[in-house]
Amino acid sequence: MCVVIQPNMSLKSRFLKPGDDIYAEDRSDVDQTSGTTFIYNPDRSLSIEKQRQRLPVFTARNHILYLVETYQTTIVVGETGSGKSTQIPQYCVVMLDEIHERTLYTDIVLGLMKKILRRRKDLRLIISSATVDADHLYNFFNYNTTTDKSKDTATVLSVEGRTHPVDISYLEESTADYVKCSAETVMKIHSKHGPGDVLVFLTGAEEVETCVSLLKEYAFSLKKNEGSLLILPMHGALTNSDQLRVFQFSPPGVRKVVVATNIAETSVTMPGIVYVVDCGFVKLRWYNPSSHTDALVVVPTSQASAIQRAGRAGRTRSGNVYRLYTEEEYNKLSEVTPPEMVRSNLSSAVLNLMALGIENMLRFDFPSPPPAKHLSAALDELFALGALTEEGTLTKPLGQQMAEFPLPPQLAKILLVSGDFGCSQEILSILAMLQVQNVFTIPRGQECHARANHRSFQVNEGDLITLLNVFTAYTKHGESKQWCIKKFINHRALRRAVEIRARMEKILVNFSIPVTSSEGGVDAVCKCITAGMFPNAAYLHHSGTYRTVRGNQLLCIHPSSVLYTETQPQWVLFHEVLHTSQMFMRDLTVIDPTWLLELAPHFYEKRTLQD
């Protein structure tokens, strides 16, 4: 995640020198009640000034101020919890935080800042990262081409965090089911080790919820003298209030167990974590420009990520880390995780850069230059969606409006044309549901009953219309939690979808797009989906598998889909691809192939298929 923090205006845009008191002018504005019940702060009984002084970054304050005055770019490397994110912005000029995550937009901002720094020699930039891989950023921002170090324009400063010794354990043999093994490891920790909360790392929301269910069954079977467990999930699909629960202190005698995706790896610090269970895997997006598929792939984590995960256990006292893989496997891991820029579909990134006035992607200076094939594929897709002209500029108003939506280009196109199809109400609901995960719940022991209830929402048109049915029924029943429990629906996910839908509707209204309903007409909705997702078309091959129309990629229907039946539709559109044992299509919509020729004649033409 990248956060741009504006300069502290109370400093009157001047550079500070070592020894200056930055608080002399504004002590009256300091909030003495900033401590809350959900942020871990063992020093909250102290004054704000004393709390600042106890942070590891405070000892480096004068060094940071000196380097900022001397160099145009200062790279601060410090572990989560060192105070760099909260304290450095109070010292001075612009700061980019959490750079180690290397998301698409992190790299875009880095490239833009380098472009600005070349023109604004008076501007100062601080880059904050939780990993020690700073050489790459140093070389990127250092314009000095001589051997004279005094002419460097960038420098690196390392800030130590507050860490305690961490004991790391490995498996003797690899596990076949790391989700089940994670739950079993937590059970062993609870039965054999002393007090201390547990943090479990898994790859996605589905695995998190599965592990949470296993642990809740175990917690339910505990006797009074065995203590109790507070099991909490942590992933991006949860509402803000649900995510904040992991920061609360557990009651006396209760061990908190947080089951999380890698969202908890570096971005947050949770109180009381003593034990960490690391599954050794992470879910990343990998784009294949040949087949034009952007797949979610579960891959081994990097050594840098493993170190960051282990660091969660040593924040408040000495801790223990249990890696669910062998030490030999750890030594074979890559040193760092590849940035999103070199492994993702770049359509969103290119669209946003063009909206900023940068039209020549090949000349833009990225920290990690993307493959040329990825850039070419992104430009082709944006042109096909109608976002780019033949000259390579944004179309008006479609391309410009697509760039303003916080959605992938295909979904933004669907929403923007929904008024033309008279189904913007339905499309808003569908796209909001696509932003959340695990809509359906299947508790252990109630599988048959849960699936019977889920079937009442399922339709032959596919998963997206099924999601629409769920959302419509949820709102019809007053967004009732009891109704969700009765129907085995994830109330947290639906509540989050309502929030997302309201935000998207405001943007739609700002663009003067009519918010209308198809009044139950399914074809209009499916055709509208086709207008944006047409690049993701697949047909049923005579071999019994699906093939993408472009790229001829072999795909299968994911078992969680409502279309995972003996009677398979001839033509479908998929929202995403998940690569596990096979390449699986998820979130499917059944279409009429003539719609592809009608809505995307520039992209498809009718031919006789060759084996």
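Since the structure is predicted, the reported quantities are computational estimates derived from the model, not experimental observations.

**Focus: the pattern of salt bridges**
Logical step 1: In total, this model carries 14 salt bridges according to the counting rule given.
Logical step 2: Here Lys 114 makes a salt bridge to Asp 365, at a shortest N to O gap of 2.7 Å. Residue Lys 114 is found in helix H4 (residues 104-119), and its partner Asp 365 is found in the loop between helix H11 (347-355) and helix H12 (372-384); the two are separated by 251 residues along the sequence.
Logical step 3: What you see here is one network of salt bridges that share partners, running through Arg 285, Asp 294, Glu 576 and Arg 586.

**Digging into the confidence of the model for the protein chain**
Logical step 1: Considering every residue of the protein chain, the mean pLDDT works out to 84; 88% of them sit at 70 or more.
Logical step 2: Low pLDDT, under 50, characterises residues 1-40; the stretch is placed with 75 contacts to residues that sit more than four places away or in other chains.

**Brief notes about the sheet that holds strand S7 (residues 197-201)**
Logical step 1: Pairing is parallel across the open sheet formed by six strands, whose spatial order is S6-S13-S10-S7-S9-S8. Edge strands, defined here as strands with exactly one partner in the open sheet, are strand S6 (166-170) and strand S8 (228-234). For this sheet, the mean inter-axis angle between neighbouring strands, taken without regard to orientation, is 20 degrees.
Logical step 2: Across four bridges, S7 lies against strand S9 (residues 254-260) in parallel orientation. Across the sheet, residue Val 200 finds its bridge partner in S9, namely Val 259.
Logical step 3: Most of the contacts of helix H6 (residues 178-192) go to strand S10 (residues 273-278), to which it runs at about 150 degrees, and overall it touches S7, S8, S9, S10 and strand S13 (319-323).

**What to know about the packing of aromatic side chains**
Logical step 1: Evaluated as defined, the whole model comprises 11 aromatic pairs.
Logical step 2: Taken together, a centroid distance of 5.0 Å and an interplanar angle of 85 degrees make the contact between Phe 140 and Phe 141 edge-to-face.
Logical step 3: By relative accessible area, Phe 141 is classed as buried at 0%.
Logical step 4: When the ring centre of Phe 140 is taken as reference, the NZ or CZ atom of Lys 114 above it lies at 4.2 Å.

**Some words on the packing of H11 against H12**
Logical step 1: Running from N to C, H11 and H12 cross one another at 75 degrees; their axes reach a closest spacing of 8 Å. Between H11 and H12, the crossing angle belongs to the class labelled roughly perpendicular. From H11, Ser 347, Val 350, Leu 351 and Met 354 reach across to H12, where they touch Leu 375, Ala 378, Leu 379, Glu 381 and Leu 382.
Logical step 2: A class-by-class count of the residues in the contact of H11 with H12 yields seven nonpolar, one polar and one charged.

**Here we look at H4**
Logical step 1: Taking 1.5 Å of rise per residue, the 16 residues of H4 would be expected to cover 22 Å, and the 24 Å separating its terminal C-alpha atoms lies within 8% of that figure.
Logical step 2: Along H4, the positions that sit buried rather than exposed are Leu 104, Thr 106, Asp 107, Ile 108, Val 109, Leu 110, Gly 111, Met 113, Lys 114 and Leu 117.

**A short note on the pairing of S8**
Logical step 1: Across the seven residues that make up S8, a large majority, five, are buried.
Logical step 2: When S8 meets S9, the two strands line up parallel, connected through seven bridges. Paired with Leu 229 across the strands is Arg 255, a residue of S9.

**Quick word on the state of the cysteines**
Logical step 1: The full count for this structure, using the stated rule, is zero disulfides.
Logical step 2: Here Cys 423 is not disulfide-linked; the sulfur of Cys 528 is the nearest cysteine sulfur, at 4.1 Å.

How each quantity is defined
Residues numbered from 1 in each chain as written. Predicted model: local features only at pLDDT ≥ 70, side-chain atom pairs only at ≥ 80, totals over all residues. Heavy atoms only, no water. Salt bridge = Lys/Arg side-chain N within 4 Å of Asp/Glu carboxyl O. Helix = DSSP H or I, 4+ residues; strand = E, 2+ residues; numbered from the N terminus. pLDDT = per-residue confidence, 0-100. Contact = heavy atoms within 4.5 Å. Pairing = 2+ DSSP bridges. Axes fitted to C-alpha atoms, helices over the stretch in contact; angles between N-to-C directions. Phe/Tyr/Trp six-rings, centres within 6.5 Å; stacked < 30°, edge-to-face > 60°. Buried < 20%, exposed > 50% of the residue type's maximum accessible area, 1.4 Å probe, protein only. Lys NZ or Arg CZ within 6 Å of the ring centre and 35° of its normal. Parallel < 35°, antiparallel > 145°, perpendicular 65-115°, else oblique. Nonpolar A, V, L, I, M, F, W, Y, C, P; charged D, E, K, R; others polar. Expected span 1.5 Å × (residues − 1). Disulfide = S-S within 2.5 Å.

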